[in-house]
Amino acid sequence: MDSETRTFHTGDRERVLDLTAEVADFCAGRGDGLVHLFVPHATAGVAILETGAGSDDDLLAALADLLPADDRWRHRHGSPGHGRSHVMPALVPPYATVPVLEGRLALGTWQSICLVDLNVDNPERQVRLSFLGAA
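Residues numbered from 1 in each chain as written. Predicted model: local features only at pLDDT ≥ 70, side-chain atom pairs only at ≥ 80, totals over all residues. Heavy atoms only, no water.

1. Quick notes on the overall build of the protein
Right, on to step 1. Across its full length, the protein carries three helices and eight strands.
Right, on to step 2. Taken from the N to the C terminus, the helices and strands of the protein come in the order β-β-α-β-β-α-α-β-β-β-β.
Right, on to step 3. Its C-alpha radius of gyration of 16 Å places the protein within 12% of the 14 Å reference for a compact globule of 135 residues.
Right, on to step 4. Dimensions of the protein along its principal axes, counting C-alpha atoms only, are 50 × 30 × 20 Å.
Right, on to step 5. For the protein, the proportion of its 135 residues judged to be buried stands at 42%.
Right, on to step 6. Counting contacts in the protein only where the partners sit at least 6 residues apart, residues at least 24 apart contribute 81% of the total.
Right, on to step 7. Of the side-chain charges in the protein, 11 are positive and 19 negative, and the distance between the mean point of each set is 6 Å. (Helix = DSSP H or I, 4+ residues; strand = E, 2+ residues; numbered from the N terminus. Rg over C-alpha atoms; globule rule 2.2 N^0.38 Å. Buried < 20%, exposed > 50% of the residue type's maximum accessible area, 1.4 Å probe, protein only. Contact = heavy atoms within 4.5 Å. Lys, Arg positive; Asp, Glu negative; His and termini not counted. Charge placed at Lys NZ, Arg CZ, Asp CG, Glu CD.)

What follows is the structure in structure tokens.
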């Protein structure tokens, strides 16, 4: 297995950040196998969805409906509603695995690999990319 960690800037607002090009770059020339992404943070996740046509904003809106940024959360340090960021990975897991064929991501036509971050208190995120080649 080959593995490396990359850093991404998510800033000071809720964000769906498209990582597809970075992951494709990591997989280029590696042949067949699987690429696994893991976010070693308690408040971020990885989603595979269409981006650029509003779905990324729709995801943030759906998460805001399910996990409002208010004072209901028992986990209360940080910005208001920060506790919801700690619940989000139960809905948007901190990992994803994608097949790789001949060094190319085997995603569907409209699928993108995205980092989902509701935590406005942490502007930098680490993502571990691991490639497991075919035997």
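2. Some details on the packing of aromatic side chains
Right, on to step 1. Evaluated as defined, the whole model comprises zero aromatic pairs.
Right, on to step 2. Geometry around Phe26 places Arg30 over its ring, the cationic atom sitting 4.2 Å from the centre. (Phe/Tyr/Trp six-rings, centres within 6.5 Å; stacked < 30°, edge-to-face > 60°. Lys NZ or Arg CZ within 6 Å of the ring centre and 35° of its normal.)

3. Remarks on unusual backbone geometry
Most peptide bonds are trans, and most residues other than glycine sit at a negative phi.
Right, on to step 1. Unlike most non-glycine residues, Glu102 shows phi in positive territory, near 50°.
Right, on to step 2. Secondary-structure assignment places Glu102 in the loop between β5 (95–101) and β6 (104–105).
Right, on to step 3. Looking at Glu102, the relative accessible area reads 71%, which means it is exposed.

4. Let's talk about the side chain of Asp56
Right, on to step 1. In this structure, Asp56 sits in helix α2 (residues 55–66).
Right, on to step 2. This buried residue, Asp56, is left without a salt bridge; Arg15 holds the nearest opposite charge, at 8.2 Å.
Right, on to step 3. Ignoring sequence-local partners within four residues, the contact set of Asp56 consists of Val16, Leu49, Glu50 and Thr51. (Salt bridge = Lys/Arg side-chain N within 4 Å of Asp/Glu carboxyl O.)

5. Let's talk about the pattern of salt bridges
Right, on to step 1. Within the structure shown, the criterion is met by seven salt bridges.
Right, on to step 2. Measuring nitrogen to oxygen at the nearest pair gives 2.6 Å for the salt bridge that ties Asp70 to Arg72.
Right, on to step 3. Notably, a salt bridge pairs Arg125 with Asp117, separated by 3.0 Å at the nearest N-O pair. Here the two residues Arg125 and Asp117 agree in accessibility, since each one is buried.
Right, on to step 4. A network of salt bridges, in which partner residues are shared, links Glu4, Arg6, Glu22 and Asp25.

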